[in-house]
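Report on the structure
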Amino acid sequence: MLGPVAAGLAGAVGPAFGWAPELGAAGVSLEAWRTLFGWPGLARAAGLSLSVGVLATGVSLAITLLICAGWQGTRVWRWVERGLSPILAMPHAAAAFGLAFLIAPSGWAVRAASPWLTGWETPPDVLVVQDPLGLALVAGLVAKEVPFLLLMTLAASAQAEAGRTLLVARALGQGRVSGWLKAVLPRLWPQIRLPVYAVLAYSMSVVDVAAILGPNAPPTLAVRIVGWMNDPDLSWRAVAAAGALLQLGLVVGALAAWRIGEDLVGRLGRRWAEGGSRWPAAAEGAARGAGLPAAAVTAAAAGFGLAGLAVWSFAGLWTFPDALPDGWTLRSWARHGPGMAGPALATLGIALAATLVALGLAAACLETEFRRGRRPGAGALWLLYVPLIVPQVAFLPGLQRLALAAGLEGGWASIAAAHLVFVLPYVFLSLSDPWRAWDRRWATAGAALGASGWGVLWRVRAPMMLAPLLTAFAVGFAVSVGQYLPTLLIGGGRVPTLTTEAVALASGGDRRAIGVWALAQAGAAAAPFLLAALGPRLIWRNRRALVG
Amino acid sequence: MRLFGWVAALAFAAGGAAADPDPADWDAVLEEARGQTVWWHAWGGSVRINDYIAWSAREVEDRFGVRVEHVKLSDTAEAVSRVAAEKAAGEAEDGAVDLLWINGENFAAMKEAGLLFGPWAEDLPNWRFVDVENKPVRTDFTVPTEGLEAPWATAQVVFYHDAARAPQPPRAMAALAEWAEANPGRFAYPQPPDFLGSTFLKQALVELSGGPEALYRPLDEADYEAVTAPLWAWLDRLTPNLWRGGRAYPQSGPRLKQLMADGEIDLAVSFDPNEAASAVANFELPETVRTYVLDGGTLGNVSFVAIPFNSGSKAGAMVLADFLLSPEAQARKADPAVWGAGTVLDVEALPDEARARFEAIEVGVGGIPPEDLGEILPEPHPSWMTRLEEDWQARFGVSR
């Protein structure tokens with residue numbers, strides 16, 4: 001995992017310090033850095049990256065913890081789980097477009113209330129989307145990151161024995177929420193720490209969502225870097241490289257600060273837990289009550305956003321303030337449908353290859369670990385996370401150059417290999433905890449019945465792990481479907497996928513076209529989730545305990 | 001600079017590359033092109049342009065046996081950096097890009113970095129129909145093309161307004177500031193360095209400065225301060241009355257059109273005289289939208305197709321470029337029902353049958369007939385655009 005990232009980063013360091021042979025510059029200079037620091041918007045762009053990243057991560061984490069603390073194990077919890085997992089499958093850009101149309105002054109929410117309630121015949125001139133503080137961007141990120149963190153927390157809960165721990169805490173007279181925060185969270189945290197870091201790094205350096213929902217005068221640093229990278233004047237690439245290194249520095253700094261904050265909160269939390277005080281019932285109720293609407297708003301924002309895009313894909317003329325289109329038409333689908341087969345096939349093929357390889361690798365690692373009885377150290381886990389934490393803008397251009405030099409670009413196989421770098425960490429994460437939580441005594445029982453190590457794996461473990469395996473597959477598949485920059489840069493544009501087509505059309509802003517392609521993209525990513533939800537039920541109709 | 005092309009061609013020969021096709025021997029080009037696949041990198045943000053490209057791909061495959069694949073870019077510079085990266089990696093024989101839709105700064109950058117194949121464009125059979133007299137097909141933003149790119153389409157600055165909401169739009173840049181004062185928040189332009197946003201700045205500069213000769217030469221500091229002073233004063237006046245008070249900008253022409261469709265603005269700028277008409281036909285804009293030009297004339301330019309130095313299908317790319325220049329393809333492109341981009345051909349000089357195709361084109365609701373487009377003002381030297389974009393960034397891009 002480290003190889004491609006390190007090679008890619010090296011490709012950014014060169015140009016940033018004046019070494020770019022293709023531009024006829026071979027030497028060492030600080031010119032790019034001077035230009036970068038001379039940009040008047042730099043302080044605010046960097047500040048925005050920081051504030052958006054920290055705020056989005058903090059809010060997502062708070063919502064996730066509140067839902068888990070208040071509702072884990074209840075009937076409501078099952079419902080929350082089912083409602084949020086489809087959002088996980090939605091590509092970030094599609095979710096951002098949906099949200100933008102929902103909350104804009106001319107958006108669906110205002111249309112629904114105009115003019116009968118608001119009296120507006122024309123949309124109000126208020127800065128909601130692309131606000132200078134980046135709050136709309138934070139909202140868009142939260143809507144996508146809460147389901148991810150929930151899934152990760154869920155996977156970790158089994159190992160942390162959340163249910164029994166909570167039982168003990170409650171037996172000691174603690175409330176549901178405070179008991180969970182005091183007893184379960186400390187056991188859970190080491191396992192969700194890395195996913196949280198991934199969310200922080202992603203939120204700070206995201207490009208597509210920030211370009212749609214984020215401010216633009218100035219934009220966040222990552223968006224500006226891509227702008228420089230795409231400047232027709234090729235000498236700006238050096239400034240982009242310097243900016244990418246600065247972005248990396250920011251992310252590392254923020255992660256370090258977050259780590260220090262963790263220690264601080266941990267220390268305060270321990271004092272709180274050891275104090276033994278109890279929350280009054282009203283506070284418990286309020287905390288429980290806050291989690292649910294927060295989750296509902298998150299799910300609704302993403303759900304209505306997608307519904308809005310679906311309506312657009314069938315819309316005739318649809319002007320403000322009509323709540324629904326003047327007319328309905330299949331024209332958009334008829335227009336794009338026929339051309340969709342090729343990209344859809346490429347998307348599925350690449351995702352299938354990358355995810356299956358990732359699944360195989362992850363299972364092999366975990367099985368080796370199981371047989372040797374040794375857990376990998378924290379260092380190995382960090383290694384796995386490097387591609388998620390280092391901003392894509394920082395290392396992908398360098399990686400492209402490497403692939404070109406090695407003659408590896410262009411085909412499906414090399415794109416799938418590039419996707420693997422991003423798919424593997426997610427697959428490993430979602431598979432590792434169920435794998436490790438598996439009761440060793442099953443293996444002993446299998447061996448006692450004469451099964452070899454492989455026999456135990458295939459005939460005992462694999463059937464029991466069907467549900468987690470399918471979930472891990474679905475997560476990996478969705479990650480692969482959503483990849484834009486790796487597909488474009490490594491594929492040289494010669495392999496169009498649903499995502500590259502959707503992003504290209506998104507640059508044209510035609511909501512009908514975006515609706516069609518975003519739905520197709522979301523469908524491609526969601527299908528495996530459906531499979532993961534239904535598959536075990538169908539296959540294990542007569543073995544209910546295996547459904548999981 | 002024609003010399004440069006030959007030097008580059010010689011360099012390939014020395015490097016052991018296969019001999020490049022010679023457009024002067026067109027039969028040999030056709031022969032070589034058969035069976036080749038041309039990866040055409042072109043902006044993919046417009047459904048109707050994509051459809052037109054798909055049509056030309058089908059025709060070229062049927063007629064000449066050349067397969068054409070449209071690589072849909074969200075920004076042309078992606079392909080430019082691709083070619084630059086390939087050059088750095090030593091990929092000189094079969095790069096990812098075979099044909100590129102390009103103009104202005106991107107062309108200037110590629111030409112300067114030696115990333116283009118040629119000269120070839122003026123040897124194309126259909127070059128004889130090109131209007132070399134009246135259309136700027138031999139210079140691209142004042143930079144000589146020298147046969148390194150073939151003209152494809154013309155564009156001209158127009159404005160469109162919703163006549164139901166804004167019946168009296170301003171007909172000059174100076175009047176626009178007053179109009180915005182009377183209608184705050186109802187006009188926007190895309191954020192430079194977006195192509196259309198920068199063009200809007202240049203249009204304002206040309207008009208407000210009186211269009212002095214200095215604009216058409218490389219930038220000179222002394223001139224720059226004096227010439228641009230009226231522009232900045234005008235922008236200071238306009239900006240508080242822009243959409244969102246100038247605290248946010250749409251990021252592109254299509255996003256601007258979306259604002260119009262959503263009723264967030266009443267007046268918009270475009271670089272495509274038929275954009276509004278096709279949007280009406282496509283249910284994107286209401287039928288009350290109208291297109292017009294400014295009284296003092298508006299900027300116009302030509303966009304081109306170019307072949308990178310390392311294309312592995314140069315013959316196929318030339319065959320495609322030649323087809324795109326044919327009266328049939330140009331007439332179809334000029335039809336607002338299909339795309340509506342202006343032609344680079346001299347329609348008057350065409351054979352009767354070909355001319356009839358152009359004369360049969362109907363202007364749709366909300367469009368503007370070619371004869372009403374008024375005077376075309378030439379583009380300033382690219383150095384002005386670069387400097388304007390930088391200064392705009394410093395003054396308006398981060399100030400609020």
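Residues numbered from 1 in each chain as written. Chains lettered and ligands numbered in written order. Predicted model: local features only at pLDDT ≥ 70, side-chain atom pairs only at ≥ 80, totals over all residues.

Quick notes on the nonpolar core
Here is the rule: The nonpolar core is taken to be a set of buried Ala, Val, Leu, Ile, Met, Phe, Trp, Tyr and Cys residues joined by way of C-beta atoms within 7 Å. Three exposure classes are used. Buried residues have 20 or more other C-beta atoms within 10 Å of their own C-beta, exposed residues have 12 or fewer, and partly exposed residues fall in between, all C-beta atoms being placed from the backbone. Residues are defined as contacting one another if the C-beta atoms placed from their backbone atoms lie within 7 Å.
Counting 306 residues, the largest nonpolar core has Phe97(A), Val427(A), Val319(B) and Leu320(B) as its most contacted members. With near-sequence residues (within four places) excluded, Val427(A) lies in contact with Thr355(A), Ala358(A), Leu359(A), Ala362(A), Ala472(A), Val475(A) and Gly476(A).

Comments concerning the environment of Pro468(A)
Residues and elements named next belong to chain A. Note the cut-off: Here a strand is any run of E in DSSP of at least two residues, a helix any run of H or I of at least four, and the numbering for each starts at the N terminus.
Structurally, Pro-468 can be placed in helix 21 (residues 466-482). In this structure, the C-alpha to C-alpha distance between Pro-468 and Ser-430, residues 38 residues apart in sequence, is 7.6 Å. When sequence neighbours within four positions are dropped, the list of residues in contact with Pro-468 reads Leu-431 and Pro-434.

Digging into the packing of helix 3 (residues 47-64) of chain B against helix 11 (residues 314-325) of chain B
All names here are of chain B. Note the threshold: A fitted line through C-alpha atoms represents every axis, and for helices the fit uses only the stretch in contact; the resulting angles, taken between N-to-C directions, go from 0 to 180 degrees. Should an angle fall under 35 degrees it is taken as roughly parallel, and over 145 as roughly antiparallel, whereas 65 to 115 is taken as roughly perpendicular and any remaining angle as oblique. Handedness of a crossing follows from how the near helix is turned relative to the far one, being left-handed for an anticlockwise turn of less than a right angle and right-handed for a clockwise one. Charged means Asp, Glu, Lys or Arg here, nonpolar means Ala, Val, Leu, Ile, Met, Phe, Trp, Tyr, Cys or Pro, and polar covers whatever is left, Gly included.
Following both chains from N to C, one finds helix 3 and helix 11 inclined at 115 degrees, their axes separated by 10 Å at the closest point. With respect to each other, helix 3 and helix 11 are oriented roughly perpendicular. Viewed along their axes, helix 3 and helix 11 form a crossing whose handedness is right-handed. Along its contact with helix 3, which presents Ser-56, Glu-59, Val-60 and Phe-64, the element helix 11 presents Val-319, Leu-320, Phe-323 and Leu-324. In the contact of helix 3 with helix 11, the residues fall into six nonpolar, one polar and one charged.

Let's talk about the pairing of strand 1 (residues 37-43) of chain B
Residues and elements named next belong to chain B. The line we're drawing: Pairing between strands is defined by DSSP: at least two bridges between the two strands are required. The handedness rule is simple: strands pointing away from the viewer, and a clockwise path from the first strand over the helix to the second, make the crossover right-handed.
A large share of strand 1 lies buried, amounting to six of its seven residues. Two strands pair when backbone bridges link them, and strand 1 and strand 2 (residues 67-73) are joined in this way by seven bridges, in the parallel orientation. Residue pairing in the sheet places Trp-43 in a bridge with Leu-73 of strand 2. For the handedness criterion, the β-α-β arrangement of strand 1, helix 3 and strand 2 is classed as right-handed. By the bridge criterion, two bridges tie strand 1 to strand 3 (residues 99-102) in an arrangement that is parallel. Counted as the bridge partner of His-41 is Leu-100 from strand 3.

Comments concerning the interface of chain A and chain B
Taken together, the contacts link 50 residues of chain A with 52 residues of chain B. Secondary structure elements with two or more residues in the side of chain A that touches chain B: helix 17 (392-405), helix 23 (498-506) and helix 24 (511-539) of chain A.

A word on the domain arrangement of chain B
Buried accessible area, meaning the area lost when the parts come together, often serves as the stated size of an interface. Residue and element names in this part refer to chain B. We count it as follows: Source of the domain bounds: an automatic or database domain assignment.
One can read the domain layout of chain B as domain 1 (2-152 + 303-364) and domain 2 (156-300 + 375-397). The gap between the C-alpha centroids of domain 1 and domain 2 is 29 Å. Taken together, the contact between domain 1 and domain 2 spans 16 residues of the former and 15 residues of the latter. At three residues, the largest contribution of residues to the side of domain 1 that touches domain 2 is made by helix 5 (residues 104-112). By residue class, the composition of the side of domain 1 that touches domain 2 is eight nonpolar, six polar and two charged.

Focus on helix 11 (residues 221-229) of chain A
Since one α-helical turn is 3.6 residues long, residues separated by three or four positions face the same way. By the criterion of burial, helix 11 of chain A is predominantly enclosed, with nine of the nine residues buried. Taken together, the buried positions of helix 11 of chain A are Leu221(A), Ala222(A), Val223(A), Arg224(A), Ile225(A), Val226(A), Gly227(A), Trp228(A) and Met229(A). On its buried side, helix 11 of chain A packs onto helix 3 (42-71), helix 9 (176-205), helix 10 (208-213), helix 12 (236-275) and helix 17 of chain A together with helix 4 (76-88) of chain B.

Section: the domain arrangement of chain A
All names here are of chain A. Entries for chain A in the domain assignment read domain 1 (53-218 + 281-329) and domain 2 (334-548). Taking only C-alpha atoms into account, the centre of domain 1 sits 23 Å from that of domain 2. In this complex, domain 1 contributes 32 residues to the contact, which on the side of domain 2 involves 32 residues. Elements with a contribution of two residues or more to the side of domain 1 that touches domain 2: helix 4 (75-89), helix 5 (92-103), helix 7 (135-159), helix 9 and helix 13 (281-313). Looking at the side of domain 1 that touches domain 2 element by element, the count peaks at seven residues for helix 9. Of the residues belonging to the side of domain 1 that touches domain 2, the class tally is 25 nonpolar, six polar and one charged.

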